[in-house]
Structures are given as C-alpha cells and as structure tokens.
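Analysis of the macromolecular model
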Amino acid sequence: MLNNELRYFLAVATTGSLSQASQQLYVASSAISRQIHKLESRMGVTLFQRHARGMVLTDAGQILANHVRKSLRDMDNAVAEIQGLKAVRKALVRLACTDGMAFDLFPGLIARFRRHYPSVSFDLQVGTAQAVAEWVRKGTCDAACQFSLAPERDVDIVTTWPAPVLLLLHPGHPLAQQDKIAISDLQDYPVALPEPGTTIRQLFDLSCRLAGTFLEPALSCNNFATLYGATRQLPGAVTVCSHFSVLWRAKQDGMVLKPIDSPTLSQRTLQLQTPASQNRSAALNLFLEETVATLTQAHHSHFPPASHAPK
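Residues numbered from 1 in each chain as written. Predicted model: local features only at pLDDT ≥ 70, side-chain atom pairs only at ≥ 80, totals over all residues. Heavy atoms only, no water.

A word on the domain arrangement of the protein
We note that the domain assignment places domain 1 (4-83), domain 2 (92-162 + 269-301) and domain 3 (166-266) within the protein. Averaged C-alpha coordinates put domain 1 and domain 2 at centres separated by 27 Å. In this complex, domain 1 contributes five residues to the contact, which on the side of domain 2 involves five residues. Overall, the association of domain 1 and domain 2 removes approximately 540 Å² of surface from exposure, summing both partners, and the carbon and sulfur fraction of that is 38%. On the surface where domain 1 and domain 2 come into contact, there are zero salt bridges. Applying the counting rule to domain 1 against domain 2 returns zero residue pairs in polar contact (both at pLDDT 80 or more). Class assignment of the residues belonging to the side of domain 1 that touches domain 2 gives a composition of one nonpolar, one polar and three charged. (Domains from an automatic or database assignment. Contact = heavy atoms within 4.5 Å. Buried area = accessible area lost by both parts, 1.4 Å probe. Salt bridge = Lys/Arg side-chain N within 4 Å of Asp/Glu carboxyl O. Polar contact = N/O pair within 3.5 Å; in protein donor to acceptor, adjacent residues only side chain to side chain. Nonpolar A, V, L, I, M, F, W, Y, C, P; charged D, E, K, R; others polar.)

Observations concerning the sheet that holds strand β4 (residues 120-126)
With mixed pairing, the five strands of this open sheet are ordered in space as β4-β3-β5-β12-β6. Edge strands, defined here as strands with exactly one partner in the open sheet, are β4 and β6 (155-162). On average, each strand axis in the sheet is inclined to that of its neighbour by 20°, with strand direction left out of account. Here strand β5 (residues 143-148) runs beside strand β12 (residues 269-275); their pairing, made up of five bridges, is antiparallel. Along β12, the bridge assignment pairs Gln146 with Gln271. Against the sheet, helix α11 (residues 282-302) makes contact with β3 (91-97), β4, β5, β6 and β12, and its axis sits at roughly 20° relative to β6, the strand it touches most. (Pairing = 2+ DSSP bridges. Helix = DSSP H or I, 4+ residues; strand = E, 2+ residues; numbered from the N terminus. Axes fitted to C-alpha atoms, helices over the stretch in contact; angles between N-to-C directions.)

Comments concerning the packing of aromatic side chains
Applying the stated criterion across every chain, the model contains nine aromatic pairs. Ring plane angle 85° and centroid distance 5.8 Å describe the contact between Phe113 and Phe122, whose orientation is recorded as edge-to-face. On the basis of relative accessibility, which here comes to 0%, the residue Phe113 falls in the buried class. Judged by its relative accessible area of 19%, Phe122 falls in the buried class. Their ring planes at 50° and their centres at 6.3 Å tell us that Phe224 and Tyr228 sit as a pair that is tilted. Of this pair, Phe224 and Tyr228 both sit in helix α9 (residues 224-233), four residues apart, which is roughly one turn of the helix. Here Phe224 falls in the buried class, since its relative accessible area comes to 7%. Three or more aromatic residues joined by ring pairs make a cluster, and in this case those are Phe113, Tyr117, Phe122 and Phe287. Over the ring of Trp248 we find Arg112, and its NZ or CZ is 3.9 Å from the ring centre. Sitting above the plane of the Phe147 ring, Arg268 keeps its charged end 3.7 Å from the centroid. (Phe/Tyr/Trp six-rings, centres within 6.5 Å; stacked < 30°, edge-to-face > 60°. Buried < 20%, exposed > 50% of the residue type's maximum accessible area, 1.4 Å probe, protein only. Lys NZ or Arg CZ within 6 Å of the ring centre and 35° of its normal.)

Digging into the pairing of strand β2 (residues 54-57)
Two elements, strand β1 (residues 48-51) and β2, share four bridges in a ladder whose sense is antiparallel. Its bridge partner being in β2, Gln49 is matched across the sheet by Val56. The hairpin formed by β1 and β2 contains two residues between the paired strands.

Section: the environment of Lys90
Among the secondary structure elements, Lys90 is positioned in the loop between α4 (59-82) and β3. A C-alpha to C-alpha distance of 5.3 Å links Lys90 and Val120, two positions 30 residues apart in sequence.

Topic: helix α7 (residues 129-138)
All buried positions along α7 are accounted for by Val132, Ala133 and Val136. Burial along α7 is one-sided: seen end-on, the buried residues are contained in an arc of 100°. Elements that come into contact with the buried residues of α7 comprise β3, β5, β6 and β12. Looking at the residues trailing α7, positive phi occurs at Gly139, about 75°. (Arc of directions from axis to C-beta.)

Examining the packing of helix α1 (residues 4-15) against helix α2 (residues 18-25)
It is the contact of α1 with α2, at a shortest axis distance of 8 Å, that shows an interaxial angle of 120°. In this view, α1 runs oblique relative to α2, as classed from their interaxial angle. Once α1 is placed against α2, the crossing between them reads as right-handed. Listed contacts from α2 to Arg7, Tyr8, Ala11, Val12 and Thr15 of α1 are Leu18, Gln20, Ala21, Gln24 and Leu25. Considering only residue class, the contact of α1 with α2 consists of six nonpolar, three polar and one charged. (Parallel < 35°, antiparallel > 145°, perpendicular 65-115°, else oblique. Left-handed = near helix turned anticlockwise from the far one by under 90°.)

Remarks on helix α3 (residues 29-43)
Residue pairs three or four apart in sequence face the same way in an α-helix, which turns once every 3.6 residues. Counted at 1.5 Å a residue, the expected span for α3 with its 15 residues is 21 Å, and the 21 Å between its end C-alpha atoms agrees. Taken as a whole, α3 has its buried residues at Ala31, Ile32, Ile36, Leu39 and Glu40. One or two steps after α3, the chain reaches Gly44, where phi turns positive at roughly 75°. (Expected span 1.5 Å × (residues − 1).)

Pasting the structure below:
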C-alpha cells in the first residue's frame with residue numbers, strides 16, 4: 001500500500017491540480033500540498049512545476065510517477081495471483097480506444113469474450129487519439145486500439161493491421177455499383193466526415209487536395225454513430241471509415257464498403273497497444289489473443305492475401 005505522501009503525489013500527478021486531487025481523495029488541498037512539499041524535501045528535488053492553471057510534473061516527478069504506477073501494477077498482479085484470479089475467475093480489463101472503435105468493434109470484441117469468460121469485467125475509456133496515446137503511455141489502461149500514421153513510441157505494439165480509408169454507403173447508392181470510386185465522384189453527393197484533426201480526416205483532405213477536388217462536407221461530426229446514421233437516413237450521403245469500425249454492423253445493416261482510388265488513403269494502420277513493459281494478467285493475455293485472431297481473420301476476409309485472392 002502507498003503511504004500518504006505517494007498517494008497524494010500520484011493523485012496530483014494524475015489529475016494535474018490540487019483541487020481535483022482533493023475532490024478525488026476527499027482530503028483538504030492544504031493537507032495534500034503539505035505532504036507533497038514534505039516528499040520533495042525528503043527527496044531533495046522539485047516534483048511539480050506550479051502554475052496558475054495546475055501542476056505539471058518535472059522530469060524527476062515523471063520518473064517517480066512511472067515507478068509508483070509500475071509498483072501499483074505489480075502489486076495488483078501479485079494480489080491477483082494470490083487470490084486465484086490468474087485462472088480468470090474474476091478480473092478487470094481496462095481498455096481505451098477512439099470514437100470509431102467504440103461504435104461497433106469494441107462492443108463486439110467484449111461481448112464475444114464474455115461468452116467464454118463471463119466473470120471478466122471491462123472498463124472502456126473513449127477519447128481522442130492524443131488522449132488514448134497518453135493513457136497507454138501512463139499505464140492508465142491495459143490495452144488500446146487506435147489508428148496511426150506512424151509507429152507509436154514508448155508503448156508495446158502487440159499487432160498492426162492495414163486500415164485503409166474506405167467509402168461507406170447505402171446499398172442502393174449509385175456509387176455502390178462502381179468497382180473503382182474516385183474522389184471526384186463524390187462531388188455530386190452529400191459527404192459526412194469526421195471532424196478535422198483526426199487521422200482519417202487528415203488523409204481524406206490530403207487526398208482531395210492531391211486530386212484537385214474541393215468537397216464541402218454536408219455534415220462534420222466528432223461522433224461516428226452520427227456519421228453512420230447519416231449514411232442510412234440522408235439520401236445519397238456517404239462517409240469514410242475503416243472496415244474495422246463497422247466490422248459486424250455493416251453486414252448486419254446491409255451497408256457497402258468501397259475502396260477509394262487514392263494511394264494516400266492506404267497509409268493508415270490499426271494498432272493494438274499495451275503500456276511498455278507492463279506485466280499482463282491472464283485475462284488480458286486471453287483478450288489480446290482473441291482480439292488478434294478475430295481481427296486478423298476479419299481483415300483477411302475483407303482483403304484476401306494475394307496468394308488466396310480470387311483470380
């Protein structure tokens with residue numbers, strides 16, 4: 001167990017402010033501040049940079065925070081082994097993903113896993129790509145899925161899959177009958193796009209510029225469920241996504257996924273990540289194994305390997 005100094009230190013490191021740490025711990029801010037000053041005095045270093053808007057870890061503070069979090073994870077794993085949780089009788093798996101992954105993929109993966117291991121519980125955090133990356137680096141989640149344009153640093157990459165940007169449309173849409181769809185073909189239809197700043201929007205906007213095509217989205221939204229609904233309810237609407245984002249839902253609803261004739265849209269990958277050098281519980285290892293097997297099979301079904309592709 002952590003003493004008060006380390007417990008208060010970690011709360012401030014996680015929340016970024018004395019007031020939020022106070023609310024989390026139900027301890028007066030002044031008491032937390034005294035303990036942190038005491039810890040800094042004992043260690044002979046400054047652990048936080050104090051700002052009007054909050055407290056930011058110094059390099060020394062970050063080193064201490066990493067060690068404290070690792071110690072807590074090790075303690076959790078030790079307790080799990082002692083209590084027999086290694087047998088996956090009862091465990092909690094903490095996941096993180098971006099909005100597109102939370103629409104269909106993660107609910108499906110969790111549901112399928114719990115059919116075999118109903119005592120395993122899940123905590124799913126949904127955030128921006130930047131937030132997910134930070135959660136993985138800090139170890140506040142056990143595993144994460146996110147789209148990336150480059151290898152992530154300071155995390156362990158379990159597996160990656162190609163995740164090209166595809167066009168999602170209603171089966172009755174005029175473009176659904178075309179084998180190849182160009183960016184310019186979208187000019188006559190309402191386009192629903194993720195908000196600027198996401199990897200998929202960055203690639204799509206770049207493809208438009210390279211094609212010399214200007215597309216004004218009929219709908220821009222930071223919620224994929226809304227974009228998906230637009231393609232089903234707004235006449236002629238299309239949106240863009242990965243096949244992983246609608247892995248089961250597209251087939252269930254009869255929606256169509258089509259490649260877009262732009263090499264730029266093939267640069268993205270889906271990464272399954274875990275915090276660097278983290279000890280994994282038996283439940284987490286089983287979940288990772290099932291996830292890798294499921295997504296690899298799904299990807300090969302959608303994009304058959306060249307040696308097995310139909311001639």
